[in-house]
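Letter by letter, the chains look like this.
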Amino acid sequence: MNLNKYLDVSPEVAQAVAQGKPVVALESTIISHGMPYPQNVETALKVEEIIRENGAIPATIAVIGGRLKAGLTPDEIEYLGKKGLAVTKASRRDLAVLVARGEDGATTVTTTMIIAHMAGIKIFATGGIGGVHRGAETTMDISADLEELAHTPVMVVCAGAKSILDLGLTLEYLETHGVPVIGFGTKELPAFYTRKSGFAVDYEIDTPQELARAFHVQQELGFQSGMLVTNPIPEEYSMDPAVIGKAINDAVAEAKATGIHGKETTPFLLAKIKDITGGDSLDSNIQLVFNNARLAAKTAAELCKL
Ligand code: PSU
Ligand code: MN
C-alpha cells in the first residue's frame, strides 16, 4: 500500500489491513462535538470493544498534532473527549490547513471517510450523517457528508438521519449523486431516534453477508462512490416520535432565532435536543451507535471473505 505521508496508521490497524482482516473506522466529531464528557469517551471506548467482540479491529480516526490518524490509543480518545468543543470540527475543507499548522481536528463523516479510504479501510460505523438541512432552499446548508458519499468508496453504517434535516431532500440529493441508500431489515428510512420516517429507502437488505456482497460488487464495478446503510435503532431504545419531534422543532426554531449557521448548526442542534429531552436522547444516541458498530463489524467480517 502506498500510504499518504501525512497519515499514521496504528500498528494493529496496519497489520489487519495488510492481512485482509476486518477493520471498522469510527469518527471523532461524535466524541468531541456530538456528546458531552465523560459519556463521549466512555462511549468511544465501548464502541471499540463492541467492534472487537464482533470480530473486527476498530480504527477511530482523528487529526492529532497535524497527523491524520487511523487508530487511536485510549489516551488519544480521552484527550479529544476532554478537549471537546475546543477541537476543530474538521470537514474536507479544513484538513489541509490543520495538517499544515500541526493542529488537532475531530473528523466528521466526511473526513473519516477520506482518512479511512487512505488507510485501506472500507467500512465505517457512526450515529447519524449530515444532510440537507431544513430550509436549505434558502440557506444552501447541505452537509459535505453527502458529497463525500458520492465520491469516496466507503460503506457508512448509520441510524438514518435526524429530522433536524430535511429527510426528503437528503434522499433526493443522494439519488442525484448515485449513492445507494440501504435499509437494514427495513424498507423505511430510520430517523435516528425513531425507527420510522415515512420515507422509503432504495433497497432493504437483511443480512451482513448481503450488505457485503452489494458493496463488493459496487467496488468491482469500479464505482468510486460510497454506500449508505441505515440501521434502525433497537425498538427498546427508540424514542416517542411526538416527544423527539417537538424537541427537534424547538431546537431548529432556536437556532434560526439566534442566527446559528454554518458548521455550528449541527453541534448546536444536537446539544439543544439533549437538553430539551433531559438526557433521554443521549441514551438513545449511545445505544444506536453500539448497534451500528455491531452491524459494521459483522459486515466487515463478511466483506473479507469475498
Ligand atoms: N449527526 C448526528 N450526530 C453527529 C453528527 C451529525 O446525528 O455527531 C456529526 C457527524 O460528525 C457529521 C457532522 O459528519 O456532524 C455533520 O456536520 P455538518 O452538518 O456541519 O456537515
Ligand atoms: Mn452545514
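Residues numbered from 1 in each chain as written. Chains lettered and ligands numbered in written order. Predicted model: local features only at pLDDT ≥ 70, side-chain atom pairs only at ≥ 80, totals over all residues. Heavy atoms only, no water.

Enquirer: Hey, could you go over the pattern of salt bridges for me, with residue numbers and the actual values?
Expert: Tallied over the entire structure, the rule returns 17 salt bridges. The partner of Lys 69 in a salt bridge is Glu 76, and the shortest N-O contact between them spans 3.9 Å. With respect to burial, Lys 69 and Glu 76 carry one shared label: buried. A salt bridge links Arg 195 to Glu 235; the shortest N-O distance between them is 3.6 Å. Note that Arg 195 is positioned in the loop between strand 9 (181–184) and strand 10 (203–205) and Glu 235 in the loop between strand 11 (227–230) and helix 11 (241–257), a separation of 40 residues in sequence. Residue class for Arg 195 comes out partly exposed when judged on its relative accessible area of 31%. Residue Glu 235 is classed as exposed on the basis of its relative accessible area, which comes to 56%. Each of Asp 8, Arg 67, Lys 69 and Glu 76 takes part in salt bridges that share partners, so that together they form one network. (Salt bridge = Lys/Arg side-chain N within 4 Å of Asp/Glu carboxyl O. Buried < 20%, exposed > 50% of the residue type's maximum accessible area, 1.4 Å probe, protein only. Helix = DSSP H or I, 4+ residues; strand = E, 2+ residues; numbered from the N terminus.)

Enquirer: Outline the site of ligand 1, supporting the account with residue identities and numerical values.
Expert: Within the structure, ligand 1 sits among 14 residues, and Glu 27, Lys 89, Ser 143, Lys 162 and Thr 266 are positioned closest to it. Taken together, the residues of the shell around ligand 1 break down into four nonpolar, six polar and four charged. (Near = heavy atom within 4 Å. Nonpolar A, V, L, I, M, F, W, Y, C, P; charged D, E, K, R; others polar.)

Enquirer: So, the environment of Lys 196: which residues are in play, and what are the values?
Expert: Within the secondary structure layout, Lys 196 lies in the loop between strand 9 and strand 10. Judged by its relative accessible area of 57%, Lys 196 is exposed. Distance in space between the C-alpha atoms of Lys 196 and Phe 124 is 23 Å, their sequence separation being 72 residues. What Lys 196 contacts, discounting residues up to four positions off in sequence, is Glu 188, Leu 189, Pro 190 and Ala 191. (Contact = heavy atoms within 4.5 Å.)

Enquirer: So what's going on with the packing of aromatic side chains? Residues and values would help.
Expert: Evaluation of the coordinates by the stated rule reveals one aromatic pair. On the numbers, 4.8 Å between centres and 80° between planes, the contact of Phe 192 with Tyr 193 is edge-to-face. Tyr 193 carries the same exposure label as Phe 192, and that label is buried. The lysine or arginine in question, Lys 162, covers the ring of Phe 192, its NZ or CZ lying 3.5 Å from the ring centre. (Phe/Tyr/Trp six-rings, centres within 6.5 Å; stacked < 30°, edge-to-face > 60°. Lys NZ or Arg CZ within 6 Å of the ring centre and 35° of its normal.)

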